[in-house]
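These are the residues of each chain, in order.
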Amino acid sequence: MAGAKEIMGSLMVEKSSLLPSSFILQHNLQHNKLCFSPSLIPQQQKRKLNSRKVLRTPMAAISENLVRAVQEKPVQFKVRAVVIVKKKNKEDLKETIVNHFDALTEIIGRNVVLELLSTEIDPKTKAPKKSNQAVLRDWSKKSKIKAERVTYTVDFIVDSNFGIPGAITVTNKHQKEFFLESITIEGFACGAVHFTCNSWVQSQKDHPEKRIFFSNMPYLPSETPAGLKELREKELKQLRGDGQGFRKLSDRIYDFATYNDLGNPDKGIDLVRPTLGGESIPYPRRCRTGRPPTDIDMSAESRVEKPLPMYVPRDEAFEETKQHTFSAGRLRAVLHNLLPSLIASISAHNHDFKGFSDVDNLYKDGLLLKLGLQDELKKFPKIVHKIQETSEGLLKYDTPMIVSKDKFAWLRDDEFARQALAGINPVNIEKLEVFPPVSKLDPTIYGPQESAIKDEHILGYLNGMSVQEALEKNKLFMLDFHDAYLPFVERINALDGRKTYATRTLFFLSSTGTLKPIAIELSLPSTGSESQSKRVVTPPIDATSNWIWQLAKAHVCSNDAGIHQLVNHWLRTHACLEPFILAAHRQLSAMHPIFKLLDPHMRYTLEINCLARQNLINAGGVIEACFTPGQYCMEISAAAYKDWRFDLEGLPADLIRRGMAIEDPSQPHGLKLLIEDYPYATDGLLIWHAIEKWVKTYVNHYYPDSVLIRNDTELQAWYNESINVGHADLRKANWWPKLSNCDDLVRILTTLIWLASAQHAALNFGQYPYGGIFTNVGTGAKSRSCIWDAQGVRKY
């Protein structure tokens, strides 16, 4: 009896036929305690169980070494799922007809069917325990509800030994897809179980496989419950596809391809573009669409032009609200990017632009479009409609921030220098390490590597310091676009209406902590004489030299605008991230905690990149039309990719690489900025530190031991595929970070999140405030400006 008391304690539940077999009394001999192995308790039975009389007397029949399990037949009970479906606000006629048809066919069994799956394996079937198949209620009754979200319910019957629900399958027997936002299961003893779906569920006739959704509970691969292991791999296999065939818009397949769809050779030789990605022109990989080749070039993929949609995995496409937001922004962007060509057309043929006041009138009074220009805009029906809404043929802009208070701010040297630190492109400014600056280009092809800027050009602006002293005191900084542009200058200048230099600009850091431009070098391809290929322009001393100086700055701004858009914005925060996103969907289960961390930062990037290939970076697209390099824009981007390094993309590493900061443990973020008034870096370090702190806490929670990282098959497969397939052309580089411990993973994830969020914001959101007036970004320099040397030889 004493042994029984010790085992049983003072509390015993009376044997009852209502007690499910999942309530098994377990004897823990090691800890000398009685514990229940609880599973699922129907609410009604819980109430009955709680009302039972409690026995305070121990059972004499219980042995000290054995607690007999009570075996009872499982009891079935009901749980309810609340399903939220997101509806479109605006439907076309075809969609309305299909919706009515789906509502009518509900009565013959063409409905939405759900099935609940357990985290546990059924010992008989060796498969996950399942509920009955249940039909979504009241679809036809609610088909006419005008609301953004519609709530449905469905009831499941499960056994009391079902375990914890871990997944749910959905079969759509309707004709039309629907957007499933979330499912919440109520009625289990463990509490409500949530499924965040945010996915399109396709019709069974298009995709016969059942859709699988997992609960919000994260699991590392090694910790996956037995009932979910096979489902986990099955879902990933579906997302990977087989790498074959043409992708339908309803597919959810993530795969890799090269950028072989930017040109359109079937429409003429002027639209032929090289394939980006491969040994000849290295570049990141993009999402594969599987379209057939062009008629003329079998290696080029045929294009899909607007208004037809281009494939992205179905769940990557914009939701309706996002589509409206993007369309509104795109309307302004397209109008803005058409403006230079509109001005060129007006100025060349009608001479309507006679001075800066005509530019001001674009924001003040608007531009009255002439016949012919309106015809050109008919390619953009929504834009034409917007123009007509305002006034007949009137194109009007919001006043950009840069000229809202001072319309000639863009002309001033102090603003020119300030924007190098706090403008649209604050990531190219660097500390001058050696003087004169030296090129890394092959001198046998591009001429002498040493810059033409000499001591005598800048000594008068150094406040009495020698050049060497200014270098040692960290007073000299530079914007260097020389090597990025020079290999393309000759080809660009051969284009009609395109003239450029490769530029270097030196700045002096004054005692007030602000930069002052002191010399601009303009370079052309070498012709054997250095004096004919390089020209140094210094701050003006009279009216004539003033305009030469302004034109030189315009060429710098033109270079800057191209590198900002083609390299820093597109390449570094869009194209280079796409392989990591594709690999994440292919290799990381939706249950994986790292996927859950990255998912909000990956969303919509593939769709935006797809739209860029269709409208912006394609042959004859907006970028080629409005930036100086023209048809060589993407080749400049690809040339920059050769020097891209993932390990230096994080903010601290980037600042140190550019010499804008040095390591200093005494500083809040371990760095000391060489220019204190550097808003991009000052604000950026606060954001970087916050991201890093959050990621470190998150990673340490799921990976208390680095062994878990090395043994995480999905995590390692994701990182390896991102490098070896997504960045295949740089896969042999020795600078790729390892992924063997928590610190490695924190650095990798922090860099990815930084690039997708804060870095992208810094390079994206200033485009209209700073670039809304084209004179500020030098786009006017591409077609009009020229500089004359002392002998009267014109140099573009």
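As recorded by an unreviewed UniProt entry, the protein carries the name Lipoxygenase and is attributed to Macleaya cordata. In its Pathway (unreviewed entry) section, UniProt records this for the protein: "Lipid metabolism; oxylipin biosynthesis."

A. Fine view of the overall build of the protein. A count of helical and extended segments in the protein gives 27 helices and 25 strands. For the protein, buried positions account for 53% of its 796 residues. Within the protein, counting contacts between residues at least 6 apart in sequence, those at least 24 apart form 71% of the total. Carbon and sulfur atoms make up 54% of the accessible area of the protein, which amounts to about 37,600 Å² in all.

B. Representation of the state of the cysteines in the model. Under the defined criterion, the tally for this structure stands at 0 disulfides. With no disulfide of its own, Cys 626 has Cys 633 as its nearest cysteine by sulfur position, at a separation of 9.6 Å. On the basis of relative accessibility, which here comes to 4%, the residue Cys 626 falls in the buried class.

C. View of helix H14 (residues 482-493). In this model, H14 (12 residues) spans 15 Å end to end at C-alpha, consistent with the 16 Å of a helix rising 1.5 Å per residue. All of the buried residues along H14 are His 482, Tyr 485, Leu 486, Phe 488, Val 489, Ile 492 and Asn 493. Where the residues of H14 are buried, they touch helix H11 (443-446), strand E18 (476-480), strand E19 (502-509), strand E20 (515-523), helix H16 (543-575) and helix H21 (633-641).

D. Quick look at unusual backbone geometry. Of the consecutive residues Lys 306 and Pro 307, the connecting peptide bond is found in the cis state with omega at 10°. Mapping Pro 307 onto the fold places it in the loop between strand E14 (286-287) and helix H5 (320-349). The linkage connecting Phe 435 with the following residue, Pro 436, adopts the cis geometry, with an omega of -5°. Inspection of the secondary structure assignment puts Pro 436 in the loop between strand E17 (430-431) and H11. A positive phi angle is found at Asp 138, which is not glycine, with a value near 60°. Residue Asp 138 is classed as partly exposed on the basis of its relative accessible area, which comes to 34%. In this structure, Asn 198 takes a positive phi of about 45° despite not being glycine. The residue Asn 198 is located in strand E11 (residues 193-201) in this model.

E. Focus on the sheet that holds strand E12 (residues 211-214). Across the sheet, 4 strands lie side by side as E7-E6-E9-E12; this open sheet has antiparallel pairing. The strands lining the two open edges of the sheet, one partner per strand, are strand E7 (128-135) and E12. Direction aside, neighbouring strands of the sheet carry axes that sit 20° apart on average. With 4 bridges connecting them, strand E9 (residues 165-172) and E12 associate as antiparallel partners. Within the sheet, the bridge partner assigned to Thr 169 lies in E12 and is Ile 212. Its contacts with the sheet put helix H4 (residues 226-240) on strand E6 (112-121), E7, E9 and E12, and the angle it makes with E6 is roughly 125°.

F. Structural detail: the packing of helix H25 (residues 713-726) against helix H26 (residues 742-764). Running from amino to carboxyl end, H25 crosses H26 at an angle of 55°, the nearest separation of the two axes being 13 Å. Taken together, the axes of H25 and H26 are oblique relative to one another. Handedness of the crossing formed by H25 with H26: left-handed. In this structure, H25 contributes Leu 715, Trp 718 and Tyr 719 to the contact, and H26 contributes Leu 745, Ile 748, Leu 749 and Leu 752. Of the residues contributing to the contact of H25 with H26, the split by class is 7 nonpolar, no polar and no charged.

G. Region of interest: the nonpolar core. Judged by nonpolar contacts, the single largest core of 115 residues is most densely connected at Tyr 283, Ile 429, Leu 655 and Trp 718. Three or more residues apiece are contributed to this core by two domains, here domain 3 (409-424 + 428-563) and domain 4 (565-772). Once residues within four sequence positions are removed from consideration, Trp 718 is found in contact with Phe 580, Ala 583, Ala 584, Gln 587, Leu 588, Leu 598, Ile 748, Leu 749 and Leu 752. Counting 29 residues, the second-largest nonpolar core is a separate cluster that includes Val 79, Ala 81, Leu 114 and Cys 197.

H. Examining empty space enclosed by the protein more closely. On inspection of all chains with the given rule, the structure shows 4 cavities of 30 Å³ or more. Split into classes, the residues belonging to the lining of the largest cavity amount to 9 nonpolar, 1 polar and no charged.

I. Layout of the environment of Arg 288. With respect to the secondary-structure elements, Arg 288 resides in the loop between E14 and H5. Given the relative accessible area of 14%, Arg 288 is considered buried. Along the chain, Arg 288 and Asp 255 lie 33 residues apart, while their C-alpha atoms are 5.2 Å from each other. Ignoring sequence-local partners within four residues, the contact set of Arg 288 consists of Gly 243, Gln 244, Gly 245, Arg 247, Asp 255, Phe 256, Ala 257 and Tyr 311.

J. The arrangement of the packing of H16 against H26 in detail. At a minimum axis distance of 10 Å, the contact between H16 and H26 shows a crossing angle of 165°. If you check the angle between H16 and H26, you find them roughly antiparallel. Judged by the sense of rotation from one axis to the other, the crossing of H16 with H26 is left-handed. Across the interface between the two elements, His 564, Asn 568, His 569, Arg 572, Thr 573 and His 574 from H16 touch Leu 755, Gln 759, His 760, Leu 763 and Asn 764 from H26.

K. Looking closely at the packing of aromatic side chains. Across all of its chains, the model carries 23 aromatic pairs by this definition. Note that Lys 142 overlies the ring of Tyr 152, its terminal NZ or CZ placed 5.3 Å from the centroid.

L. Up close: the pattern of salt bridges. Under the definition given, this model contains 43 salt bridges. Note that Lys 205 and Asp 206 form a salt bridge whose closest N and O atoms lie 3.4 Å from each other. Arg 232 is paired through a salt bridge with Glu 714; the nearest N and O atoms lie 2.7 Å apart. Residue Arg 232 is found in helix H4, and its partner Glu 714 is found in helix H25; the two are separated by 482 residues along the sequence.

M. Expanded view of the pairing of strand E5 (residues 76-86). As paired strands, E5 and strand E8 (residues 149-159) are joined by 11 bridges and run antiparallel to one another. Note on E8: the bridge partner recorded for Val 85 is Val 150. Where E5 meets strand E10 (residues 178-186), 7 bridges bridge the pair, whose relative direction is antiparallel. In the sheet register, Arg 80 faces E10, and the bridge partner there is Glu 186.

N. Inspection of the sheet that holds E8 at higher detail. Strand order across the open sheet formed by 4 strands is E8-E5-E10-E11, with antiparallel pairing between neighbours. Looking at the sheet topology across the chains shown, the edges are occupied by E8 and E11. Neighbour to neighbour, the strand axes of the sheet diverge by 20° on average, direction disregarded.

O. Main features of the confidence of the model for the protein. Per-chain confidence: the protein averages 83 in pLDDT, with 76% of residues scoring 70 or above. Note on residues 381-393: pLDDT under 50 across the span, and 19 contacts to partners over four residues away in sequence or across chains.

P. How the structure looks around helix H17 (residues 578-587). Buried residues dominate H17, accounting for 10 of its 10 residues. All of the buried residues in H17 are Glu 578, Pro 579, Phe 580, Ile 581, Leu 582, Ala 583, Ala 584, His 585, Arg 586 and Gln 587.

Q. Quick look at the environment of Phe 195. Structurally, Phe 195 can be placed in strand E11. C-alpha of Phe 195 to C-alpha of Phe 213: the two residues are 18 residues apart in sequence and 7.0 Å apart in space. Among residues more than four places away in sequence, those in contact with Phe 195 are Leu 116, Gly 166, Ala 167, Ile 168, Glu 181, Ser 182, Ile 183, Ile 185, Phe 213, Phe 214, Ser 215 and Asn 216.

The rules behind these values
- Residues numbered from 1 in each chain as written.
- Predicted model: local features only at pLDDT ≥ 70, side-chain atom pairs only at ≥ 80, totals over all residues.
- Heavy atoms only, no water.
- UniProt positions renumbered as here; feature names shortened; annotations may be inferred.
- Helix = DSSP H or I, 4+ residues; strand = E, 2+ residues; numbered from the N terminus.
- Buried < 20%, exposed > 50% of the residue type's maximum accessible area, 1.4 Å probe, protein only.
- Contact = heavy atoms within 4.5 Å.
- Areas by Shrake-Rupley, 256 points an atom, 1.4 Å probe, with all protein chains shown as cover.
- Disulfide = S-S within 2.5 Å.
- Expected span 1.5 Å × (residues − 1).
- Pairing = 2+ DSSP bridges.
- Axes fitted to C-alpha atoms, helices over the stretch in contact; angles between N-to-C directions.
- Parallel < 35°, antiparallel > 145°, perpendicular 65-115°, else oblique.
- Left-handed = near helix turned anticlockwise from the far one by under 90°.
- Nonpolar A, V, L, I, M, F, W, Y, C, P; charged D, E, K, R; others polar.
- Core = buried A, V, L, I, M, F, W, Y, C linked by side-chain atoms within 4.5 Å.
- Domains from an automatic or database assignment.
- 1 Å grid on protein atoms, 1.4 Å probe; cavity = no way out; pocket = protein on both sides within 12 Å on 5 of 7 lines; lining within 4 Å.
- Points joined across faces, edges and corners; volume = space filled by probe spheres on them.
- Phe/Tyr/Trp six-rings, centres within 6.5 Å; stacked < 30°, edge-to-face > 60°.
- Lys NZ or Arg CZ within 6 Å of the ring centre and 35° of its normal.
- Salt bridge = Lys/Arg side-chain N within 4 Å of Asp/Glu carboxyl O.
- pLDDT = per-residue confidence, 0-100.

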